[in-house]
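Chain by chain, the residues:
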Amino acid sequence: MRYVVLLALILTALFAYKQISTDPMAVSAAVISQQDDAKSQTDENDLYGLPPVPIPANNPQTPAKIALGDKLFHDKRFSVDGTVSCSNCHDDKKAFTDGLAISVGHHGLTGTRNAPTVLNAAFNQSQFWDGREPDLEGQAKQPLINPVEHGLTDHKQVLEIIRSDPDYLATFQTVFEVSGKRLSIDHVAKAIASFERTLVSSNSAFDRYHFNGQADAMTAAQIRGFELFVGQGRCVSCHTIEQDHALFTDSRFHNIGVGINRIQQDIPRLAQAFLEAKNKGGDVDVMVLTDKKSSELGRFAVTDDLSQIGAFKTPTLRNVDLTAPYMHDGSLKTLKEVMVHYNNGGVAKAGDPVNDFLSGGIRPLNLSDPQLDDLVDFMKALTSSKSSSKFAVPTSTQAAN
């Protein structure tokens, strides 16, 4: 009944809207400065368990472009107070996250969401927790002009800094054959995205056990956890494993009962108000990072699809032991808390009411506490074995779909 009432309240606004608006994880410039070095890095990693890195046809990888992207990624000048770079939220030494529940931007401002790792983001079919950008190039542009992240008013400020820097000008000329006014934010985004596509992390204990046949690569507890992962725990339903690789994500969006449970009574009003704001030209990127309740709308904020209220993208589980806290809002501090949440069927405490938009596959698992511990141990087997900066530089020229 509640869903019917909500549908009636929201469809009017939706119709009007449609009518009107039809540690170990760094790749340094030194590593990628030579193609031979890149080749040796790839050979060393073997990339057990990962498919070829998809490279867009309009943004091929080159060592010089990757090095440029690395520099841009770490440049704090591209923020209103000169203190924020991409690496603030995606720290090389913290598995390309920041270790915070909610990320901090310029002047100490906080947004509404947890920073996902950039490791293996090259394989994502969409970017951000709500999938509002289709690729790394699009994602790279948004934080720069978000009012609580880098805080710049427009991309022109980024270009002014670059055009006043002789080293940047020379490098952009070399990489893209552009200078002056022909140098655009798209060139900046392409360089950053190229660097991010080198942040590929595999060769975990699981990869060696499952894809390379190394029987002793995982502990007994991890093997039991793996059996639960694909069996009674049903984790593999969303964190997928294919025959010859494992990205540990279905690249889809699900309401798993995080965040949305706290604002159930406010959803009808909130959803309608959000649609009206979009109709008036509101920027989704700004709205979801500046208003906590709007953030909890999840994928709905992008698609206006009622079935996706409170739904967020399935994150990869690779290196998950290194990227606490968890979920889009950083509300679960440990992997054990995550396991308990799923075991309870999408609520913090067993027996609590679930939200009206909970994904159908989320239901109590009836796992024992030792079984939950085994699942946590399995998660630790998904950490890359490389404990240095030597990660593979993708050499694939395969076009992204």
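Not measured: the values here are computed from a predicted model.

A. Spotlight on empty space enclosed by the protein. Its volume calculated, the largest cavity comes out at about 50 Å³. For the largest cavity, the full set of lining residues is L50, N120, F123, N124, L247, T249, T316 and R318. Classifying every residue of the lining of the largest cavity by side-chain character gives 3 nonpolar, 4 polar and 1 charged.

B. Fine view of helix 15 (residues 335-343). Within the sequence span of helix 15, burial applies to L335, V338, M339, H341 and N343. Downstream of helix 15 by a residue or two, G345 has a phi angle that is positive, lying close to 85 degrees.

C. A look at the environment of K156. Its location among the elements puts K156 in helix 6 (residues 156-163). K156 gets classed as exposed once you look at its relative accessible area, which sits at 59%. The spatial distance from the C-alpha of K156 to the C-alpha of S184 is 8.7 Å, given a sequence separation of 28 residues.

D. Region of interest: the pattern of salt bridges. Enumeration over the complete set of coordinates arrives at 17 salt bridges. When the shortest N-O distance is used, the salt bridge between R77 and D75 registers 2.9 Å. Assessed through its relative accessible area of 38%, R77 is described here as partly exposed. Residue D75 is classed as buried on the basis of its relative accessible area, which comes to 10%. Put simply, E137 and R197 hold a salt bridge, and the shortest N to O gap is 2.8 Å. Placement of E137 in helix 5 (residues 136-141) and of R197 in the loop between helix 8 (185-196) and helix 9 (205-211) is noted, with a sequence separation of 60 residues between them. With respect to burial, E137 and R197 carry one shared label: buried. One salt-bridge network, held together by shared partners, links R113, D130, R132 and D285.

E. Geometry of the side chain of N255. Structurally, the position occupied by N255 is in the loop between strand 1 (253-254) and helix 11 (267-279). One polar contact links the side chain of N255 to the main-chain amide nitrogen of G257, over a distance of 3.0 Å. A polar atom in the side chain of N255 sits 3.0 Å from the side chain of N355. The residues touching N255, leaving out its near neighbours within four places in the chain, are I260, I309, G310, A311, N355, F357, L358, S359 and I362.

F. Structural context of the packing of aromatic side chains. Summed over the entire model, instances satisfying the criterion amount to 13 aromatic pairs. Where F206 meets F211, the ring centres are 5.8 Å apart and the plane angle is 85 degrees; that geometry is what we call edge-to-face. The class of F206 is buried, set by a relative accessible area of 0%. On the accessibility criterion, F211 (22% relative accessible area) is partly exposed. An aromatic cluster is defined as three or more aromatic residues linked by ring pairs; in this entry it consists of F206, Y209, F211, F226, F229, F248 and F378. Lying across the ring of Y168, K71 places its NZ or CZ 4.3 Å from the centre. One residue, R132, lies across the ring of F128, its end atom 3.8 Å from the ring centre.

G. Main features of the side chain of D98. Examined against the element boundaries, D98 turns out to sit in the loop between helix 4 (86-89) and helix 5. This buried residue, D98, is left without a salt bridge; K94 holds the nearest opposite charge, at 7.1 Å. A distance of 2.9 Å separates a polar atom in the side chain of D98 from the backbone nitrogen of L100. Ignoring any residue separated from it by four or fewer positions in sequence, one finds D98 in contact with N88, C89, S103 and A115.

H. Inspection of the layout of surface pockets at higher detail. Approximately 650 Å³ is the volume attributed to the second largest pocket. Considering the residues around the second largest pocket, the lining is formed by 31 residues, among which P54, A122, F123, N124 and Q125 are closest to the centre. Looking at the lining of the second largest pocket, the elements that each hand over two or more residues are helix 5 and helix 8. In the lining of the second largest pocket, the residues fall into 12 nonpolar, 11 polar and 8 charged.

I. Region of interest: the environment of D250. Within the secondary structure, D250 is located in the loop between helix 10 (220-230) and strand 1. Here D250 falls in the buried class, since its relative accessible area comes to 17%. For the pair D250 and P315, spaced 65 residues apart in sequence, the C-alpha to C-alpha distance is 8.6 Å. Residues within four places of D250 in sequence aside, it is in contact with S237, C238, T240 and T314. At 2.9 Å, the side chain of D250 forms a polar contact with the backbone nitrogen of R252.

J. Inspection of the nonpolar core at higher detail. If you look at the biggest cluster of nonpolar residues, it comprises 33 residues, and the most contacted ones within it are L68, L72, F78, I162, F172 and V188. Mapped by element, the contributors of at least two residues to this core are helix 3 (63-73), helix 5, helix 6, helix 7 (166-176) and helix 8. When residues in this core are grouped by element, the largest group, 7 residues, is from helix 8. If we skip the residues at most four places from it in the chain, L72 touches F78, I162, Y168, F172, V188, A191 and I192. In this structure, F226, V320, Y326 and I362 belong to the second largest nonpolar core, which totals 31 residues.

K. Broad picture of the environment of E149. Secondary-structure assignment places E149 in the loop between helix 5 and helix 6. In this structure the C-alpha to C-alpha distance between E149 and V104, which are 45 residues apart in sequence, comes to 7.1 Å. The residues touching E149, leaving out its near neighbours within four places in the chain, are V84, G105, H106, P143 and L289.

About the cut-offs
Residues numbered from 1 in each chain as written. Predicted model: local features only at pLDDT ≥ 70, side-chain atom pairs only at ≥ 80, totals over all residues. Heavy atoms only, no water. 1 Å grid on protein atoms, 1.4 Å probe; cavity = no way out; pocket = protein on both sides within 12 Å on 5 of 7 lines; lining within 4 Å. Points joined across faces, edges and corners; volume = space filled by probe spheres on them. Nonpolar A, V, L, I, M, F, W, Y, C, P; charged D, E, K, R; others polar. Buried < 20%, exposed > 50% of the residue type's maximum accessible area, 1.4 Å probe, protein only. Helix = DSSP H or I, 4+ residues; strand = E, 2+ residues; numbered from the N terminus. Salt bridge = Lys/Arg side-chain N within 4 Å of Asp/Glu carboxyl O. Polar contact = N/O pair within 3.5 Å; in protein donor to acceptor, adjacent residues only side chain to side chain. Contact = heavy atoms within 4.5 Å. Phe/Tyr/Trp six-rings, centres within 6.5 Å; stacked < 30°, edge-to-face > 60°. Lys NZ or Arg CZ within 6 Å of the ring centre and 35° of its normal. Lys, Arg positive; Asp, Glu negative; His and termini not counted. Core = buried A, V, L, I, M, F, W, Y, C linked by side-chain atoms within 4.5 Å.

Any functional reading would require information beyond the geometric quantities listed.
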